[in-house]
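Spelled out from the first residue to the last, the chains are:
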Amino acid sequence: MRVDIKNDTEEALYVEIHCKDVTGEVSKLERHIKRFRSFIPATDNGELLNVAIDAILYIESVDKKTFIYTEKRVLMTDKRLYELEELLNKKDFFRCSKSTIIHLNKVTKLKPEINRNIIATLTNGENVVISRRYASELKALLKIEG
């Protein structure tokens, strides 16, 4: 694969993919590019906002409502957890329990518990439980042995 970058002062950011065949790898690259700088619509006290995906620490579903947690805010979205899971990059976001998705890039520390759960400490100091049901999947994803 060859990558060329051209500095163009008249055109906004524009990406073109040239290929012989549209393979699974090419489609995956296209989806990744489309998600770059993506936003999720959410509300905070009736104010409609677009939350940058990179700003998300974790997403939680409570009483059939979905909340997006950032460093400074808790916002609500109309999207269901499974819809967000499909939208988000699986290498950056991980379903850590039935009701929670965490942003792996925002995890600063992982601490195993006696009951086989894992406590993930996020960049804001908040702790999120990774249930034992998902712990082995996380270890495999992060290539952690044991």
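Residues numbered from 1 in each chain as written. Predicted model: local features only at pLDDT ≥ 70, side-chain atom pairs only at ≥ 80, totals over all residues. Heavy atoms only, no water.

Caption draft 1: Local environment of a nonpolar patch on the surface. A cluster of nonpolar residues, Met-1, Val-3, Ile-5, Val-15, Ile-17, Leu-29 and Ile-33, forms a patch on the protein surface that exposes about 750 Å² of accessible area. Classification of Ile-17 as partly exposed rests on a relative accessible area of 36%. (Patch = residues over 30% accessible without salt bridge, like charges linked within 9 Å, V, L, I, M, F, W, Y side chains within 5 Å. Areas by Shrake-Rupley, 256 points an atom, 1.4 Å probe, with all protein chains shown as cover. Salt bridge = Lys/Arg side-chain N within 4 Å of Asp/Glu carboxyl O. Buried < 20%, exposed > 50% of the residue type's maximum accessible area, 1.4 Å probe, protein only.)

Caption draft 2: Seen up close, the sheet that holds strand S10 (residues 127–130). Read across the sheet, 3 strands follow the order S8-S9-S10 without closing on themselves; strand pairing throughout is antiparallel. Because the sheet does not close on itself, it has two edges, and the strands there are strand S8 (107–112) and S10. Averaged over neighbouring strand pairs, the angle between their axes works out to 25° when direction is ignored. Judged from the 5 bridges that link them, S8 and strand S9 (residues 118–122) form a sheet pairing that is antiparallel. Following the sheet pairing, Pro-112 is matched in S9 by Ile-118. The strands that helix H3 (residues 132–141) touches are S8, S9 and S10; relative to S10, the one it contacts most, it runs at about 95°. (Pairing = 2+ DSSP bridges. Helix = DSSP H or I, 4+ residues; strand = E, 2+ residues; numbered from the N terminus. Axes fitted to C-alpha atoms, helices over the stretch in contact; angles between N-to-C directions. Contact = heavy atoms within 4.5 Å.)

Caption draft 3: Main features of the pattern of salt bridges. In the structure shown here, the tally under the stated rule is 3 salt bridges. A salt bridge links Asp-44 to Arg-73; its shortest N-O distance comes to 2.8 Å. Placement of the pair is Asp-44 in strand S1 (residues 39–44) and Arg-73 in the loop between strand S4 (65–69) and strand S5 (74–77), with a sequence separation of 29 residues. On the basis of relative accessibility, which here comes to 15%, the residue Asp-44 falls in the buried class. The shortest N-O distance in the salt bridge between Glu-47 and Arg-73 comes to 3.8 Å. Here Glu-47 is found in strand S2 (residues 47–52), whereas its partner Arg-73 is found in the loop between S4 and S5, with 26 residues between them in sequence. Note on Glu-47: relative accessible area 42%, which makes it partly exposed. Linked through salt bridges whose partners overlap, the residues forming this network are Asp-44, Glu-47 and Arg-73.

Caption draft 4: The arrangement of the nonpolar core in detail. Counting 16 residues, the largest nonpolar core has Tyr-58, Phe-94, Ile-102 and Ile-130 as its most contacted members. Looking at this core, the elements with two or more residues in it are strand S6 (93–97), S9, S10 and H3. Apart from residues no more than four positions distant in its own chain, Tyr-58 is found in contact with Phe-67, Ile-68, Tyr-69, Thr-100, Ile-101, Ile-102, Leu-122, Glu-126 and Val-128. Ranked by size, the runner-up nonpolar core spans 14 residues in total, among them Ile-40, Ile-53, Leu-81 and Phe-93. (Core = buried A, V, L, I, M, F, W, Y, C linked by side-chain atoms within 4.5 Å.)

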